[in-house]
Amino acid sequence: MDLHHVVIVGSGPAGLTAAIYCARAGLEPVVVEGLLAGGQLVNTTDVENYPGFPEGIQGPELMDRFRKQAERFGAAFVPGDVVRADFSSRPFAVWTDERELRARAVIVATGASPRPLGVEGEKEYAGRGVSYCATCDGFFFRGKEIVVVGGGDSALEEALFLARYGSRVSVIHRRDAFRASKIMAERVLRSPKIEVVWSSVVEGVAGDGRKVTEVRVRNVETGAVSTRPCAGFFVAIGHVPNTAAFRGVLPADAAGYLEVHGGSSYTSVDGVFAAGDVHDHTYRQAITAAGAGCRAAIDCERWLEAQGG
Ligand code: NAP
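None of the values given here were measured: they were computed from a predicted structure.

Each value, and the rule that gives it
Residues numbered from 1 in each chain as written. Predicted model: local features only at pLDDT ≥ 70, side-chain atom pairs only at ≥ 80, totals over all residues. Heavy atoms only, no water. Near = heavy atom within 4 Å. Polar contact = N/O pair within 3.5 Å; in protein donor to acceptor, adjacent residues only side chain to side chain. Areas by Shrake-Rupley, 256 points an atom, 1.4 Å probe, with all protein chains shown as cover. Helix = DSSP H or I, 4+ residues; strand = E, 2+ residues; numbered from the N terminus. Disulfide = S-S within 2.5 Å. Buried < 20%, exposed > 50% of the residue type's maximum accessible area, 1.4 Å probe, protein only. Pairing = 2+ DSSP bridges. Contact = heavy atoms within 4.5 Å. Axes fitted to C-alpha atoms, helices over the stretch in contact; angles between N-to-C directions. 1 Å grid on protein atoms, 1.4 Å probe; cavity = no way out; pocket = protein on both sides within 12 Å on 5 of 7 lines; lining within 4 Å. Points joined across faces, edges and corners; volume = space filled by probe spheres on them. Nonpolar A, V, L, I, M, F, W, Y, C, P; charged D, E, K, R; others polar. Domains from an automatic or database assignment. Buried area = accessible area lost by both parts, 1.4 Å probe. Salt bridge = Lys/Arg side-chain N within 4 Å of Asp/Glu carboxyl O. Left-handed = near helix turned anticlockwise from the far one by under 90°.

## Focus: the site of the ligand
Close to the ligand lie 18 residues; Asn49, Asp153, Ser154, Arg175 and Arg179 are nearest. The side chain of Asn49 places a nitrogen or oxygen atom 2.8 Å from an oxygen atom of the ligand. Alone, the ligand offers 910 Å² of accessible surface; in the complex the protein occludes 77% of this. Sort the elements by how many residues they give to the shell around the ligand and helix H4 (residues 153-162) lands first, with 3 residues.

## Considerations on the state of the cysteines
All chains considered together, the criterion is met by 1 disulfide. Between the sulfur atoms of Cys133 and its disulfide partner Cys136 the distance amounts to 2.0 Å. Linking Cys133 and Cys136, the disulfide has an S-S dihedral of approximately 75 degrees and is accordingly described as right-handed. When its relative accessible area of 36% is taken as the criterion, Cys136 is described as partly exposed.

## A short note on the sheet that holds strand E11 (residues 145-149)
Remark on secondary structure: sheet strands pair via backbone hydrogen bonds, oriented parallel or antiparallel. Reading across from one edge, E10-E17-E11-E12-E13 is the order of the 5 strands in this open sheet, with parallel pairing throughout. This sheet does not close on itself; its edge strands, each paired only once, are strand E10 (130-131) and strand E13 (194-197). Note that E11 and strand E12 (residues 168-172) share 5 bridges and pair parallel. Within the sheet, the bridge partner assigned to Val147 lies in E12 and is Ser170. Of the strands in this sheet, E11, E12, E13 and strand E17 (232-235) are in contact with H4, which crosses E11 at around 170 degrees.

## What to know about the layout of surface pockets
A volume near 200 Å³ is recorded for the second largest pocket. Considering the residues around the second largest pocket, the lining is formed by 13 residues, among which Arg128, Gly129, Phe140, Phe141 and Ala231 are closest to the centre. Grouping the constituent residues of the lining of the second largest pocket by class yields 6 nonpolar, 3 polar and 4 charged.

## Let's talk about the side chain of Ser199
Relative to the helices and strands, Ser199 is located in the loop between E13 and strand E14 (200-207). You can call Ser199 buried: its relative accessible area is 4%. Only 3.4 Å separates the side chain of Ser199 from the side chain of Glu221, close enough to count as a polar contact. The residues contacting Ser199, other than those within four sequence positions of it, are His173, Arg174, Arg175, Asp176, Arg218, Asn219, Val220 and Glu221.

## Regarding the domain arrangement of the protein chain
Assigned domains within the protein chain: domain 1 (3-114 + 239-306) and domain 2 (130-235). The C-alpha centroid of domain 2 is placed 32 Å from the C-alpha centroid of domain 1. Contact with domain 1, which involves 7 residues of that partner, is made by 9 residues of domain 2. When the buried area of domain 1 at its contact with domain 2 is split by residue, Asn43, Thr45 and Pro114 rank highest and sum to 63% of it.

## Points about the pattern of salt bridges
A full pass over the atoms with the stated rule returns 15 salt bridges. For Lys68, the salt bridge is made with Asp64, and the minimal N-O distance between the two is 2.8 Å. One end of the pair, Lys68, and the other, Asp64, are both in helix H2 (residues 59-72), 4 residues apart, so they sit about a helical turn from each other. Taking the relative accessible area as the measure of exposure, Asp64 reaches 34% and is therefore partly exposed. Salt bridges linked by common partners bring Glu120, Glu203, Arg216 and Arg218 together as one network.

## Description of the packing of helix H1 (residues 13-24) against helix H6 (residues 286-306)
Following both chains from N to C, one finds H1 and H6 inclined at 40 degrees, their axes separated by 7 Å at the closest point. Of the two elements, H1 crosses H6, and the hand of that crossing is right-handed. Here Pro13, Ala14, Thr17, Ala18, Tyr21 and Cys22 of H1 come into contact with H6, specifically with Ala286, Ala289, Ala290, Gly293, Cys294, Ala297 and Ile298. Of the residues that constitute the contact of H1 with H6, the class distribution is 11 nonpolar, 2 polar and no charged.

Structure (structure tokens):
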């Protein structure tokens with residue numbers, strides 16, 4: 001079996017930036033792409049805050065450029081998800097469903113996935129009206145009633161995108177103020193297509209057995225419960241880290257985010273590094289993930305060198 005200098009797990013901004021730096025350092029990295037190759041940005045449209053693109057850029061195109069840049073310096077790509085890892089001895093081992101990879105160092109950059117709301121009907125109607133990705137599914141709800149849950153940037157971005165399609169978009173938020181940035185909040189509040197339902201939670205999703213038809217909403221201040229017609233129900237309430245394959249292998253906090261030392265990318269396993277949303281629940285931006293990927297690659301390169309090249 002081939003022994004690689006470094007295996008990078010994940011191909012979002014963190015993983016691909018790590019790949020660019022590792023490849024340029026001559027480490028011939030192998031990137032395990034994950035099921036969502038390119039990471040969360042492939043499910044977005046306009047990226048307006050990534051520096052260097054004054055007119056904005058589409059998420060999938062941005063990630064395509066990252067990848068091409070990594071390939072240009074010799075990074076190799078392996079499809080699939082890492083399902084298991086053994087970091088108890090060196091060389092380290094990671095497994096996808098198809099193969100086993102051995103490496104002297106590993107950079108974990110598996111990112112995060114949308115958090116489910118956990119209400120009645122959500123699982124039952126997943127893919128039949130319940131969605132976690134407006135750019136993937138918005139098109140199916142042209143001229144229909146759409147509900148978005150959440151008050152952060154993700155929810156408002158989804159709502160603005162969905163306003164192109166829906167007859168009406170209701171943003172249901174559990175508080176009376178958005179968490180999202182001011183610019184996003186202003187855009188939503190200005191949109192004639194979007195109605196904000198403050199201080200309310202969705203208690204359940206109901207349908208006709210085939211598709212979603214309504215949601216049950218409770219006002220948290222008055223306790224009043226009402227139903228709202230809904231064909232498309234979009235949940236955008238944050239994310240959970242993709243760390244299942246590393247449970248019991250790498251230390252994580254109560255929410256599952258990997259722990260790193262200080263501001264570095266070092267995990268508590270020597271030779272295993274973490275970068276991006278898999279450990280950062282504070283910033284979670286493409287640019288901070290890319291920066292973290294750079295740091296992990298530099299930490300990794302220095303660590304390998306200290307081990308004897
Ligand atoms: P977030 O900022 O953590 O916001 C999550 C939202 O969901 C909050 O409003 C929260 O309510 C609500 N929420 C959480 N759990 C809930 C529950 N069980 N029921 C109902 N509501 C619930 O997550 P995010 O919006 O995914 O954003 C994550 C990061 O990515 C942020 O740093 C954001 O700035 C960034 N981002 C940036 C852009 C952009 O710049 N264009 C786009 C997307 C994301 P509370 O407010 O009450 O806590």
